[in-house]
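# Coordinate inspection notes
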Amino acid sequence: EHDAVLHEDGLPTKFEVKVTRLEENAVVVVVRDVSERYRRFEAEKRFVFETTARQKDAEANRFTRHEVKNGLLAAIEICGNIREQFSEDFNSLQKDDKLPTITEQSLSTRIEHVSELDRTLHEVLDIVLAETMARDVIHEMYVPRMQRVDVNYILSHMRGFKASSKQFSLKCSPSPMPILLTDQGLFKCIHGNAIRNAIKYGEKGGPIRTEATYNAETGWFEMHIINLPGPGHAQLVAMGDRASELVFSHSTRLHKDVDLGQNSHSAGDGAWIMHKCATILGGSVQINFEDDRTVFVFRAPCKVYDAATKESNHFHLPPGVWGIAIDDSKIQRKLLRRFFIHAGIQEHHQIILGQNSDEISTFVEFVVDFVQRHPNDLFFIIADENLELSDDMASHGTIFGSECIKRIRNTLQPDQEKRMLALVRSANDSQQDLEIYNTRAHGYMPKVPLQVMSVREMVAPLWTKRFPLVKADVEPNKGSDSEDDDITRIPSIENLRDLTLISPAELLSELEQIDSFCINSSERFDERWPALWDKLHQLKGDLKTVNVDDRFTRTIQAIESMRGGLTSAEFMSKWLVIRTDVIAFDSTK
């Protein structure tokens, strides 16, 4: 049996050749055209490759959301708490209260520095989310998330672009532009890429003008970004409409043959991704190379953000509502307590679980019993999706919060189940994940920076939809703004530390658990590695919260270097470095 390739009319054709000897002077040769089989095989290979690539990107998205997003959210929350404390001190100083060691200027400087850090963290978070969104957009797996978008702020926010702020100008019609309901991530992606292209390919240091209009009658938004001609512009004008078509093609960069005076590592996919983003929004993008300028145009249908939702500024859950939440992360449990306070649930009506495996494994039974024992109350329940049972290495496992909610709903009587709003909280928000959450629970709650307005905007529509006949506290005159501030402020720096930081004793406790596993385990590490990695993963997350002066940067990198399906060959040597760093931190306290 042999394979052969014959060329007919310049095209290769694959054949399978079988040769059989019948007699001494007789041979039978069977030639079969197998080109179709090879084409099918190649198609299957491409399908497997593309499917694997999508799966890897999906895993990368999950890693980015969990490893980076949660840490940034915690850091943003810390900044918010510090800013609240400084603002309170500043208000006291303005009231002529004596603060002998703090001046008005020093307080203003502190507030500005913390605000700058807060803005920076939000920008990093936006970059992370943009990267994960781009992967889903490329693989056509992205589902738009319609939300409140301040177009004026995005269009005027030139921070982060490598250009002078004097280069930019903005004209909106109407002015100011109304708050719109659209996908903020897609909108930022289109605007950001258009501005970067104008800076990169337009006249160096030249003006860049943005013109935005919204037609309330037609419901269409239109944005023009205009820049002066840059290198090679005459060639693009000569190409006519063909240049505009090629700009939005995959892996195409029209300026690649033009000397831009700088190194470029662009793959030419920026405009192609912009086109995909606009298509998801039901809109379009185009670019016009005119004699004296370049005009990028983005059009999409948009609705004005519902004015009725502005009442969420004063929204509070009705008195007497119980807030029940579960999360296996200490940081997240503290944030959930603050979340309930922002939503209007006082601490004596909050139950935050997830401190140990017993609380996680008995969560369903606890909630069912609690709801049955309070027949006249309403309940707001939040469950983290991935609850790790990792107190005991031998019984390591994961419980899904959405599955817990499903069991609770199925166990309770219909009249009992009607008295609860149960949501899944997760950093994973793919279309498949959302379908699972919405099937098992009453809805989904993303992990976003914790602020009073964002919490109320998130909770208000979910609560109103679930309990349309139950009147929530949305009266603007009920209490003053200062009363709202009072329940969200932190009274002292000591309470701030207790709310946001992990103590050295808690870090040492985690070391002891891992030490015990390393010393007492009679099994091969590879067989127990998933359980051990979860412990290291938890330790890394806690170290990030106390890594204020970068003292744990090396430690965190050492833990991250052990990521993988099998135990690292250098595990013990790296572990000795990790535990030495943590113990040294404890000795300084």
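To be clear, the structure that these remarks concern was listed above.
Because the structure is a prediction, the values reported are computed rather than measured.

## Considering the overall build of the protein
- Helices and strands together make up the secondary structure of the protein, namely 20 helices and 18 strands.
- By residue count, 42% of the 589 residues in the protein fall in the buried class.
- Pairs at least 24 residues apart make up 68% of the contacts formed inside the protein by residues separated by at least 6 positions.
- A total of about 31,800 Å² of accessible surface is found on the protein, and carbon and sulfur atoms cover 51% of it.

## Describing the nonpolar core
- Within the largest apolar cluster, 42 residues are counted, with the highest numbers of intra-cluster contacts made by Phe-221, Phe-296 and Phe-298.
- Tallying contributions element by element places helix H4 (residues 184–201) first for this core, with seven residues.
- Apart from residues no more than four positions distant in its own chain, Phe-296 is found in contact with Ile-190, Ala-194, Met-223, His-224, Ile-225, Phe-248, Met-274, Val-285, Gln-286 and Ile-287.
- Among the nonpolar cores identified, the runner-up in size contains 28 residues, and Ile-351, Leu-387, Ala-422 and Val-424 belong to it.

## Observations regarding the pairing of strand E15 (residues 386–389)
- Of the two faces of E15, the one holding Leu-387 and Leu-389 is buried and the one holding Asn-386 and Glu-388 is not buried anywhere.
- In this sheet, strand E16 (residues 397–400) lies alongside E15 in antiparallel orientation, the contact comprising four bridges. In the strand pairing of E16, Asn-386 is matched with Phe-400.

## Comments concerning the packing of aromatic side chains
- All chains considered together, the criterion is met by 11 aromatic pairs.
- Relative to Phe-340, the ring of Phe-339 has its centre 6.3 Å away and its plane inclined at 70°; by these criteria the two rings are edge-to-face.
- When the centroid spacing of 6.4 Å and the interplanar angle of 50° are considered together, the rings of Phe-339 and Phe-380 count as tilted. On the criterion of sequence distance, the pair formed by Phe-339 in helix H8 (residues 330–343) and Phe-380 in strand E14 (residues 379–384) is long-range, its members being 41 residues apart.
- The exposure class assigned to Phe-339 is buried, which follows from its relative accessible area of 6%.

## Some points on a nonpolar patch on the surface
- There is a patch of nonpolar side chains on the surface, built from Val-19, Val-27, Val-29 and Val-31 and spanning about 320 Å² of accessible area.
- Of all the elements, strand E3 (residues 26–33) adds the most residues to the nonpolar patch, at three residues.
- The class for Val-27 is partly exposed, based on a relative accessible area of 45%.

## So, the sheet that holds strand E7 (residues 208–215)
- Pairing within the open sheet is mixed, and its five strands lie in the order E5-E7-E8-E10-E9. With one partner strand each, in any of the chains shown, strand E5 (168–173) and strand E9 (284–289) form the two edges of the open sheet. Sheet twist, expressed as the mean angle between neighbouring strand axes with direction ignored, is 15°.
- Sheet topology note: the strand E8 (residues 220–227)/strand E10 (residues 294–301) ladder contains eight bridges and is antiparallel. Paired with Glu-222 across the strands is Arg-299, a residue of E10.
- On the sheet, H4 packs against E5, E7, E8 and E10 and is oriented at approximately 15° with respect to E8.

Each value, and the rule that gives it
- Residues numbered from 1 in each chain as written.
- Predicted model: local features only at pLDDT ≥ 70, side-chain atom pairs only at ≥ 80, totals over all residues.
- Heavy atoms only, no water.
- Helix = DSSP H or I, 4+ residues; strand = E, 2+ residues; numbered from the N terminus.
- Buried < 20%, exposed > 50% of the residue type's maximum accessible area, 1.4 Å probe, protein only.
- Contact = heavy atoms within 4.5 Å.
- Areas by Shrake-Rupley, 256 points an atom, 1.4 Å probe, with all protein chains shown as cover.
- Core = buried A, V, L, I, M, F, W, Y, C linked by side-chain atoms within 4.5 Å.
- Pairing = 2+ DSSP bridges.
- Phe/Tyr/Trp six-rings, centres within 6.5 Å; stacked < 30°, edge-to-face > 60°.
- Patch = residues over 30% accessible without salt bridge, like charges linked within 9 Å, V, L, I, M, F, W, Y side chains within 5 Å.
- Salt bridge = Lys/Arg side-chain N within 4 Å of Asp/Glu carboxyl O.
- Axes fitted to C-alpha atoms, helices over the stretch in contact; angles between N-to-C directions.

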